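Coordinate analysis (summary)
Letter by letter, the chains look like this.
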Amino acid sequence: MTDSFPKKLVFKDSLKNFLFAFPAIAIFCIFYIVPFIEVFRLSLMEWNGTFPPPEFIGADNFIEQAQDKLWWGSMVNAGFITIIALTFQNILAFALALACDREIKARRFYRVVFFIPPVLSEIVVGIIWQWILYSGMQGGEHIGLLNYLLAKTGLPHLVHNWLSDPKTALACISIVHCWKGFGWGFVLFLAGLQTIDKQLYEAAKVDGAGGWNVFRHITVPMMAPIIVVVMILTVLGSMQIFIVMIAMVGQGGLADYTSVPVLQILFSMNGAKRFGYACSQSIIFGLILICVSAFFKIISNRVKQA
Amino acid sequence: MKTTNYRAINTFKSVALHSFLISVALSCLFPLIWMVRSSLMDPETIFTEKSLFPKAIRLVNYYNAWAEGNFGVYFLNSVLYTTAVVVGIVFISSLAAYAFSRLSFPGKNIFFYMFVGAMMIPLPGSFVPLYVLMSKLGLLNSRLGYILCMINVGLPLSILLLKTFFDKMPPDLEDAARIDGCGRLGIWWHVALPLARPALAVIVIFNSLNVWNEFILAMLLLNDKAKMPLQLGIMTFQGAHSVDYHLLMAGLTISSIPVILIYLAMQKHIIKGLASVGVVG
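Residues numbered from 1 in each chain as written. Chains lettered and ligands numbered in written order. Predicted model: local features only at pLDDT ≥ 70, side-chain atom pairs only at ≥ 80, totals over all residues.

1. Brief notes about the overall build of chain B
Tallying secondary structure elements over chain B gives 12 helices and 0 strands in all. From first element to last, N terminus to C terminus, chain B shows the α and β order α-α-α-α-α-α-α-α-α-α-α-α. The principal-axis extents of the C-alpha atoms in chain B amount to approximately 75 × 70 × 35 Å. (Helix = DSSP H or I, 4+ residues; strand = E, 2+ residues; numbered from the N terminus.)

Laid out in structure tokens, this is it:
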């Protein structure tokens, strides 16, 4: 009797404590954990989303996926955008951060302006750029600003159907993606640069190190962890790009030259009505993303040890 | 002689540096300026006139977009969703973070690592099973359904940020409140929440921007025009009136103004928050 009384109290106490976390755990279990498990179950099914009910087909979805040229083509497109973002966008972000990490005029202004594109929505960004790159004509004038300027500045041979030509559409989308994204890298790089002790630079100068050597032997090693974080975020963000595409070339942009994996998943689900196949695609894509991030982590650990 | 040479080189360097920075800054601002100027143009001349300051300025475009283009409804829906989701996230995540940081109950660590794990594992197609679940729950085309989904999206990061904050909070304050007769809930409300204001600011700003700019879940879950938020409304408008670029641009401007104002007012918090998110990620 005397033993069970405190036990009951302890139980009541834990229960009250648990109630604090309960709303979060409940929402999370319903809207994250359940779908997470469902993805694996549905990936083994053939299902059109309504009736007839899901039919078990084993690993057929995964086998089909391995041979799906559209799917792997979309992966190549996303890879192309990712490589452009990793190089062009991140180098630009790093250069801008270096330029702003010193006593220059209007530093605050630049910092504020560079982060405006990232706070805009992808839909807004996509449509504005689609409007600028518009390729039609009316009354003998180019509608899109870019083509108009090209024609007026004596470069009419460069006028182009930017977003409907397979050769340029993906490149244009990549550049818009970089335009929207470089501000993130810039802010993270700048935050990193500002944590580097300025005395290190002074000491290097006293030792007679030139600009390049200071950059190579102080800035880059000190920045390595942040560079890795930015690269992983860039890969995850660029591989999963799709809203900018919906806004720039429409969902009918499913012609294989501008398709990306998330659009393929969306199409498997909403267009082809194959929910099981969409789930198997999202599992494989998730695994690829995890592998790529892990690859960057391992490389960075190697570099750290060296 | 030599000093002037150095000075010339320095001036040259600084001019080159600033022209680089200014050209990038202009490339950030120009598309927005172009959007606003297109939103003020006459539908007759918008396709042919290219001056930065058009001759006739039509403010009535904004009225037409708001009323006839349905952007008024979309805007109010976005305000509703953003407010509801952010308030929900602030309460739910701060209660949970406080429990994870200060209270004890069985399974506490498992649940906490579940949230952390959710942030580490990318699941790009998670909208597929989520859509299935929502249709089973009868929450398709429901405001509540969309709000709950968006609360879930914001929870893990918010809980993680707040827990790290509560972990650093001095326990003396809580002891003092306890002596004054505060219960758990009282301590959370009177001590923990007020102290966590900087972290809460970051959470409010980031989640507001995230909900305001969200597109994909809205597209999958909501198909009634009366319930759509702005981003989905813009795409719906574009699909129905593909040539009304003056109204479309007015719609884009309506959607962007709140975001830019919040950003300009709160940019210090945003930069600080980004750094902490970067460290977490």
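2. Things to note about the overall build of chain A
A tally of regular secondary structure across chain A gives 13 helices and 4 strands. At 26 Å, chain A has a C-alpha radius of gyration far larger than the 19 Å of a compact globule built from 306 residues. Taken over the C-alpha atoms alone, chain A extends approximately 90 × 60 × 35 Å along its principal axes. Among the 306 residues that make up chain A, the fraction classed as buried is 39%. Considering only contacts in chain A between residues 6 or more positions apart, those separated by 24 or more positions represent 71%. (Rg over C-alpha atoms; globule rule 2.2 N^0.38 Å. Buried ≥ 20, exposed ≤ 12 C-beta atoms within 10 Å, placed from the backbone. Contact = placed C-beta atoms within 7 Å.)

3. Brief notes about the interface of chain B and chain A
Contacts between the two partners involve 68 residues from chain B and, on the opposite side, 66 residues from chain A. Elements that contribute at least two residues to the side of chain B that touches chain A include exactly helix H1 (2–39), helix H3 (71–102), helix H4 (108–120), helix H5 (127–136), helix H6 (143–167), helix H11 (230–240) and helix H12 (245–280) of chain B. Taken together, the residues that form the side of chain B that touches chain A break down as 51 nonpolar, 15 polar and 2 charged. (Nonpolar A, V, L, I, M, F, W, Y, C, P; charged D, E, K, R; others polar.)

4. A word on unusual backbone geometry
The omega torsion across Phe51(A) and Pro52(A) is 0°, close enough to zero to call that bond cis. Note that Pro52(A) resides in the loop between strand S1 (45–46) and strand S2 (55–56). If you check the backbone angles, Asn141(B) has positive phi at about 55° while not being a glycine. If you trace the backbone, Asn141(B) turns up in the loop between H5 and H6. For Asn141(B), a count of 14 C-beta atoms within 10 Å translates into the label partly exposed.

5. Things to note about the confidence of the model for chain B
Overall, the predicted model of chain B reaches an average pLDDT of 90, with 96% of residues at or above 70. Looking at the elements of chain B, mean pLDDT is at its lowest for H12(B), recorded as 84, and at its highest for H3(B), recorded as 96. (pLDDT = per-residue confidence, 0-100.)

6. Points about the environment of Gly181(A)
Residues and elements named next belong to chain A. By the secondary structure assignment, Gly181 is in helix H8 (residues 166–195). On a C-alpha basis, the gap between Gly181 and Pro117 in space is 7.3 Å, while along the polypeptide they are 64 residues apart. Setting aside its immediate chain neighbours within four residues, Gly181 contacts Ala85, Gln89, Pro118 and Gly237.

7. Side note on helix H9 (residues 197–212) of chain B
Relative to the 22 Å expected for 16 residues at 1.5 Å per residue, H9(B) spans 22 Å between its end C-alpha atoms, a close match to the ideal helical length. Residues Ala199(B), Leu200(B), Val202(B), Ile203(B), Ile205(B), Phe206(B), Asn207(B), Ser208(B), Leu209(B), Val211(B) and Trp212(B) constitute the buried set of H9(B). (Expected span 1.5 Å × (residues − 1).)

8. What about the nonpolar core?
If you look at soluble globular proteins, the nonpolar side chains tend to sit buried side by side. Residues Met245(A), Ala96(B) and Val128(B) are the most contacted members of the largest nonpolar core, which totals 162 residues. Filtering out sequence-adjacent residues up to four positions away, Val128(B) remains in contact with Val39(A), Ile265(A), Met269(A), Phe275(A), Ala278(A), Cys279(A) and Ser282(A). (Core = buried A, V, L, I, M, F, W, Y, C linked by C-beta atoms within 7 Å.)

9. A closer look at the packing of H3(B) against H9(B)
Residues and elements named next belong to chain B. At a minimum axis distance of 9 Å, the contact between H3 and H9 shows a crossing angle of 145°. The handedness of the crossing between H3 and H9 is right-handed. Residues Ser78, Tyr81, Thr82, Val85, Val86, Ile89 and Val90 of H3 form the contact with H9, whose own contacting residues are Leu200, Ile203, Val204, Asn207, Ser208, Val211 and Trp212. Among the residues forming the contact of H3 with H9, the class breakdown is 10 nonpolar, 4 polar and no charged. (Axes fitted to C-alpha atoms, helices over the stretch in contact; angles between N-to-C directions. Left-handed = near helix turned anticlockwise from the far one by under 90°.)

10. Considering H4(B)
Residue and element names in this part refer to chain B. Helix length check: H4, at 13 residues, gives a terminal C-alpha distance of 19 Å against a target of 18 Å (1.5 Å per residue), a fit within 8%. Among all positions of H4, only Phe111, Phe112, Phe115 and Ala118 are buried. Within H4, the buried residues cover an arc of 120° as seen down the axis, which keeps them to one side. Away from its buried face by more than 90 degrees, H4 exposes Asn109, Ile110, Tyr113, Gly117 and Met120. (Arc of directions from axis to C-beta.)

11. Considering the packing of helix H10 (residues 211–239) of chain A against helix H13 (residues 275–305) of chain A
How two helices sit against one another is set out by the angle between their axes and by the gap between those axes. Residue and element names in this part refer to chain A. Orientation of H10 relative to H13, taken along the N-to-C sense of each, is 165°, at an axis distance of 10 Å. Relative to H13, the element H10 lies roughly antiparallel. In the crossing of H10 with H13, the sense of the turn from one axis to the other is right-handed. Across the interface between the two elements, Ala224, Val228, Met231, Ile232, Val235, Leu236 and Met239 of H10 pack against Leu289, Val292, Ser293, Phe296, Ser300, Val303 and Lys304 of H13. A per-class count over the contact of H10 with H13 returns 11 nonpolar, 2 polar and 1 charged. (Parallel < 35°, antiparallel > 145°, perpendicular 65-115°, else oblique.)

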